[in-house]
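Chain by chain, the residues run as shown.
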Amino acid sequence: MGCVPNTEYQVLPQQSAFTSGMAVMISIFTFGHISGAYVNPLTSICAVIVGQTPMQLLPFYLVSEFAGGISGYGLLLLVTPAQRMKFGDGSHGVCTAIPNADLTTAQALGAEIIFSVILSLANCASWDPRNFDQTDSLPLKFGLLVGTLIMTGGAYTGAIMNPVRSFAPAVWNNEWERHWIYWVGPIFSAVVVSLLYRVLVLRGKSSRNSSVL
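Our subject in this report is the structure included herewith. (Residues numbered from 1 in each chain as written. Predicted model: local features only at pLDDT ≥ 70, side-chain atom pairs only at ≥ 80, totals over all residues. Heavy atoms only, no water.)

**Some details on the packing of aromatic side chains**
For clarity, the threshold we go by: Aromatic pairing here means that ring centres of Phe, Tyr or Trp (its six-membered ring) are within 6.5 Å. Orientation follows from the plane angle: under 30 degrees is stacked, over 60 is edge-to-face, and everything else is tilted. Only runs of H or I of at least four residues qualify as helices and only runs of E of at least two qualify as strands under DSSP, and these elements are numbered from the N terminus. Three exposure classes are used, based on accessible area relative to the maximum for each residue type with a 1.4 Å probe and protein chains only: buried under 20%, partly exposed in between, and exposed over 50%.
For the structure shown, the criterion picks out six aromatic pairs. Consider the rings of Tyr38 and Trp127, whose centres lie 6.2 Å apart with planes at 70°: the pair is edge-to-face. One end of the pair, Tyr38, is in the loop between α1 (13-35) and α2 (41-49); the other, Trp127, is in helix α4 (residues 105-127), and 89 residues separate them in sequence. Taking the relative accessible area as the measure of exposure, Tyr38 reaches 4% and is therefore buried. Both rings, one in Phe66 and one in Trp183, keep their centres 5.5 Å apart while their planes meet at 15°; by these two values the pair is stacked. Of this pair, Phe66 sits in helix α3 (residues 58-79) while Trp183 sits in helix α7 (residues 181-202), and the two are 117 residues apart along the sequence. Assessed through its relative accessible area of 19%, Phe66 is described here as buried. The exposure class of Trp183 is partly exposed, given its relative accessible area of 29%.

**Considerations on the side chain of Glu175**
The following threshold applies: In this tally Asp and Glu are treated as negative and Lys and Arg as positive; neither His nor the chain ends contributes. A pair is scored as a salt bridge if a Lys or Arg side-chain nitrogen falls within 4 Å of a carboxyl oxygen belonging to Asp or Glu. Distance and chemistry together define a polar contact, namely a pair of N or O atoms within 3.5 Å, with one atom able to donate a hydrogen and the other to accept it when in protein, and with adjacent residues in sequence counting only for side-chain atoms on both sides.
Relative to the assigned elements, Glu175 resides in the loop between α6 (163-173) and α7. Lys86 provides the closest opposite charge to the buried, salt-bridge-free Glu175, at an N-O distance of 4.0 Å. Within the structure, Glu175 has its side chain in polar contact with the side chain of His92 (distance 2.6 Å).

**Focus: the state of the cysteines**
Note the threshold: Cysteine sulfur atoms are paired as a disulfide whenever they come within 2.5 Å of each other.
Tallying each qualifying case throughout the model produces zero disulfides. Between Cys46, a cysteine without a disulfide, and Cys124, which holds the nearest cysteine sulfur, the sulfur-to-sulfur distance is 4.6 Å. Classification of Cys46 as buried rests on a relative accessible area of 0%.

**Let's talk about the packing of α4 against helix α5 (residues 138-153)**
What counts is decided by this rule: What counts as an axis is a line fitted to C-alpha atoms, over the stretch in contact for a helix, and the angles between N-to-C directions run from 0 to 180 degrees. The labels follow the angle: roughly parallel below 35 degrees, roughly antiparallel above 145, roughly perpendicular from 65 to 115, and oblique for the rest. Should any heavy atoms of two residues lie within 4.5 Å, those residues are considered in contact. Residue classes follow a fixed rule: Ala, Val, Leu, Ile, Met, Phe, Trp, Tyr, Cys and Pro count as nonpolar, while Asp, Glu, Lys and Arg count as charged, and any other residue, Gly among them, counts as polar.
α5 packs onto α4 with a crossing angle of 170° between their chain directions and a minimal axis gap of 10 Å. Looking at the two axes, α4 sits roughly antiparallel to α5. Note on element contacts: α5 touches α4 through Leu138, Phe142, Leu145, Val146, Leu149 and Gly153, opposite Phe115, Ile118, Leu119, Ala122, Asn123 and Ser126. Each residue belonging to the contact of α4 with α5 can be placed in one class, and the counts come to nine nonpolar, three polar and no charged.

**Some remarks on the packing of α6 against α7**
Rules: The sense of a crossing depends on the near helix, which, turned anticlockwise from the far helix by less than a right angle, makes the crossing left-handed and, turned clockwise, makes it right-handed.
Taken N-terminus to C-terminus, the directions of α6 and α7 make an angle of 165°; their axes are 9 Å apart at the nearest point. Considered as vectors, α6 and α7 are oriented roughly antiparallel to each other. Where α6 crosses over α7, the two elements pack in a sense that is left-handed. Residue-level inspection shows Pro163, Ser166 and Phe167 of α6 in contact with α7, the latter providing Tyr182, Trp183, Pro186 and Ile187. Partitioned by chemical class, the residues of the contact of α6 with α7 number six nonpolar, one polar and no charged.

Here you go:
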């Protein structure tokens, strides 16, 4: 809903960033103690690689995340007037992830990798047992992190960092312009960052259970 245009058919950057960040915070606070509130395949992949979550649970996380994203956008369509589900020029559906037209494909991919690397590092650090005394107010910290990244990178690629977040609007609106960027960027970052963190930082230490998105 934070992506839906106002009466002037505009979406303020602050609106989208703040609502996204607070949605992350609420998800972690509400469901973190139950499932980890990963929500994002990037986080689920990181959790498996660093040993936070068993590999056999990964398919269940991924199915749940994509089912949640697709059904969530469907609910948005259900409760929102049709004329509000398009941007002012009517070219794209709301929430559709499309890189800035001024960016080359390489620039857009690079930007999405940068944002995803930062989120992946934060995930891995939150599970590090040596970081135990820094995990107070963790839901708020991740909410602010996600909000900051979206505020910073929104003008580039939207700073999506989540294949589910890009896939659901693409399915409902049938918009696939440079869509692969939003899969390659987050997944590549999750795999590389978590492998490096496990090998170079954890060095065989066990990660600990933590509620993160």
